[in-house]
Number of protein chains: 2
Amino acid sequence: MIRIRDVGPRDGLQNEAPVDPVERARLAEALAAAGLRDVEVASFVSPKAVPSMAEAATVVARLPSTPGTTWWALVPNARGVELARQSGLGHLTVTISSSEGYSRKNVGRSTDEAIDGLADIAAAARGADRVDVVVSCAFGSPFADVTDPTPTVAIVERTLTVLPGASITLADTTGTATPRRIAAVVGALPNDARADLGLHLHDTRGTALTNALAAIELGIDRFDTSVGGLGGSPFAPGAGGNLATEDLVLMLHDLGYETGVDLDGVLEASRQLAHLVGHDVASRVSAAGPLPEFGGRT
Amino acid sequence: MIRIRDVGPRDGLQNEAPVDPVERARLAEALAAAGLRDVEVASFVSPKAVPSMAEAATVVARLPSTPGTTWWALVPNARGVELARQSGLGHLTVTISSSEGYSRKNVGRSTDEAIDGLADIAAAARGADRVDVVVSCAFGSPFADVTDPTPTVAIVERTLTVLPGASITLADTTGTATPRRIAAVVGALPNDARADLGLHLHDTRGTALTNALAAIELGIDRFDTSVGGLGGSPFAPGAGGNLATEDLVLMLHDLGYETGVDLDGVLEASRQLAHLVGHDVASRVSAAGPLPEFGGRT
């Protein structure tokens, strides 16, 4: 079983013009209905900093309590943890960057300061169901300060010192990962990081699907994707969208992997998303449609 | 060594508004200068049927005789063979389809009639340096008549009866291939088809790069790509562009495969192409740029 967390209602919509929180909750609900067991639905950040993520609590309040679905929220600091917990969410994503330059651009802090912030989050999150630390620029950075696995390994080690029970998700923020680079980073990680390791892939150079399949061959079975392939980062030039949920699901199903996800349901959510954002989505499968059947033994 | 044939000046430009033959020759020359040892430069078809491929002989006459570069021309019939040979080209591509429906739409002939046409081509091509038969819809068809490897295997067998010395290139005309489907078809081919077997991949569903790498693991070392990812078929709904040369080259080089191709040179040709066609190209690498360095042992 490959586990897919759809980050579309958060990472996907973050770079779009603001969408009504009721519609954001409906999109999350459609994804859950399509079988996504993990959906990142909100970001408890300052609405001044990220207007499109305003009214996170309203989004969460509108979510159905779908059995088997876990709703995740991004929290930037201890205050965000409090707000998320007040809204009833205990599955929290936190970002930290392998790149000093990206950390300063994205959150205005050095990585040292960001690690200190993680300690505050750890204190506030005590008792949370789960904290997943998303390590951005894990495979390279637009600031030329992640040129081998060393910075990522160091950040992961420091993260697990501060948050020993956290899961780790390595993010290819600017789409510079390749199967070789993923193998190099994953192979250099400490064992406790590999216990629950995920990948968050961007498709900047059209490599995201290839990277996902190569990662599966390394034993990684958890991926962040975004319905429609929406996403990107305003602080990473040319970041490109996330790996599209429907593109990964189509390929995995053809190869015989189970995901628990219904492709037609994701395609329906993708159409809903295109309507919400007012433009075509990046997903190629949403544009071209599902695969016709093709039998034959390999 | 992975051998890449750039089909941009033919398959790429075929679906665009006509481009001056001198510019088409310049594009081919830029590709050769970038290290492409095989470039498909022209199509000796009726200019009434495909206006953008008119003046094929003018294109060929403008080509430099670059040592180590092989110029290919598509020929639809014996007359096309004569014209190509008169222009001085002896490396010929011929298409035939696994799909009865596509054959009728694309060339107005049943596959039986198309096989008869191959026999005429074989007679005319005697003494040509090389005939490469490109089998379209090898992994599926928009007409629901290629639903397992059987039609493709049958067409390849019949082709090799008529043209025993030909090489075979399997084309994923509508982007329905997956690593599983490629393994199923390749595994079912007769041995003589595997002696010089290539793939011609389209990126309709964003799977082309993944398919190329999976094919390399099966031992396939020859690929058709198109600079910029241009291409498609007017007779295959939603065909999508070819796998972009620069996208494949970037990935192969990062993984340590040799291609003899200079990525920067291809990116320069891709910019030239975008200028010629007057719109952005599909290649993600052309949009995002090359990869930063990333060391580390796997």
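Not measured: the values here are computed from a predicted model. (Residues numbered from 1 in each chain as written. Chains lettered and ligands numbered in written order. Predicted model: local features only at pLDDT ≥ 70, side-chain atom pairs only at ≥ 80, totals over all residues.)

**Things to note about the overall build of chain A**
Then comes step 1: Counting secondary structure elements, chain A contains 13 helices and eight strands.
Then comes step 2: For chain A, the spread of C-alpha atoms along the three principal axes comes to 50 × 40 × 35 Å.
Then comes step 3: Across the 298 residues that make up chain A, the buried fraction comes to 54%.
Then comes step 4: The long-range fraction of contacts in chain A, counting pairs at least 24 apart against all pairs at least 6 apart in sequence, stands at 74%. (Helix = DSSP H or I, 4+ residues; strand = E, 2+ residues; numbered from the N terminus. Buried ≥ 20, exposed ≤ 12 C-beta atoms within 10 Å, placed from the backbone. Contact = placed C-beta atoms within 7 Å.)

**Details of the relation of the copies chain A and chain B**
Then comes step 1: For the pair chain A and chain B, the superposition axis carries a translation of 0.0 Å, the fit reaches an RMSD of 0.0 Å, and the rotation angle comes to 180°. Viewed as a symmetry operation, the transformation between the two copies matches a two-fold axis. Considering only C-alpha atoms, the residue of chain A closest to the rotation axis is Thr210(A), which sits at 2.4 Å. (Least-squares fit on C-alpha atoms with pLDDT ≥ 70 in both.)

**Some remarks on unusual backbone geometry**
All names here are of chain A.
Then comes step 1: The phi dihedral of Glu55 falls on the positive side, at around 60°, and the residue is not glycine.
Then comes step 2: Checked against the element boundaries, Glu55 lands in the loop between strand 2 (38–43) and helix 3 (56–62).
Then comes step 3: The exposure class of Glu55 is partly exposed, given the 16 C-beta atoms found within 10 Å.
Then comes step 4: Of note in the backbone geometry, Cys137 takes a positive phi value of approximately 55° without being a glycine.
Then comes step 5: Positionally, Cys137 belongs in the loop between strand 5 (130–136) and helix 7 (150–162).
Then comes step 6: A tally of 30 C-beta atoms within 10 Å means that Cys137 is categorised as buried.

**What about the sheet that holds strand 5 of chain A?**
Residue and element names in this part refer to chain A.
Then comes step 1: The sheet built from eight strands closes into a barrel, its strands ordered 1-2-3-4-5-6-7-8 with parallel pairing. Sheet twist, expressed as the average angle between the axes of neighbouring strands with direction ignored, equals 30°.
Then comes step 2: Where strand 5 lies against strand 6 (residues 167–172), four bridges are found, and the strand directions are parallel. Opposite Asp132, over in strand 6, you have Ser167 as the bridge partner. (Pairing = 2+ DSSP bridges. Axes fitted to C-alpha atoms, helices over the stretch in contact; angles between N-to-C directions.)

**Notes on the nonpolar core**
Then comes step 1: Of all hydrophobic cores here, the largest spans 90 residues; its most connected members are Leu31(B), Val41(B), Ala73(B), Val135(B) and Leu248(B).
Then comes step 2: The element that contributes the greatest number of residues to this core is helix 2 (residues 21–33) of chain B, accounting for six residues.
Then comes step 3: Those residues in contact with Leu31(B) that sit more than four places away from it in its chain are Asp6(B), Gly8(B), Leu36(B), Val39(B), Val227(B) and Ala269(B).
Then comes step 4: Counting residues in each nonpolar core, the second largest holds 88 residues, with Leu36(A), Trp72(A), Leu248(A) and Phe294(B) among its members. (Core = buried A, V, L, I, M, F, W, Y, C linked by C-beta atoms within 7 Å.)

**Quick notes on the interface of chain A and chain B**
One frequently used descriptor of interface size is the decrease in accessible area upon assembly of the parts.
Then comes step 1: Of the residues lining the interface, 41 residues belong to chain A; the matching set on chain B comes to 41 residues.
Then comes step 2: Its residues placed into classes, the side of chain A that touches chain B shows 17 nonpolar, 15 polar and nine charged. (Nonpolar A, V, L, I, M, F, W, Y, C, P; charged D, E, K, R; others polar.)

**Structural notes on helix 8 (residues 179–188) of chain A**
Residue and element names in this part refer to chain A.
Then comes step 1: Regarding helix 8, the residues found buried are Pro179, Arg181, Ile182, Val185 and Val186. With its buried residues spanning 160° around the axis, helix 8 presents them on a single face.
Then comes step 2: Contact partners of the buried residues in helix 8: helix 7, strand 6 and helix 10 (208–217). (Arc of directions from axis to C-beta.)

**Details of the confidence of the model for chain A**
Then comes step 1: For chain A, the mean per-residue pLDDT works out to 94, and 97% of the residues sit at or above 70.
Then comes step 2: For this predicted complex, the interface confidence comes out at an ipTM of 0.94, alongside a pTM of 0.96. (pLDDT = per-residue confidence, 0-100.)

**What to know about the pairing of strand 5 (residues 130–136) of chain B**
Then comes step 1: Most of strand 5 of chain B is tucked away: six of the seven residues are buried.
Then comes step 2: For the handedness criterion, the β-α-β arrangement of strand 5 of chain B, helix 7 (residues 150–162) of chain B and strand 6 (residues 167–172) of chain B is classed as right-handed. (Right-handed = clockwise from strand over helix to strand, strands pointing away.)

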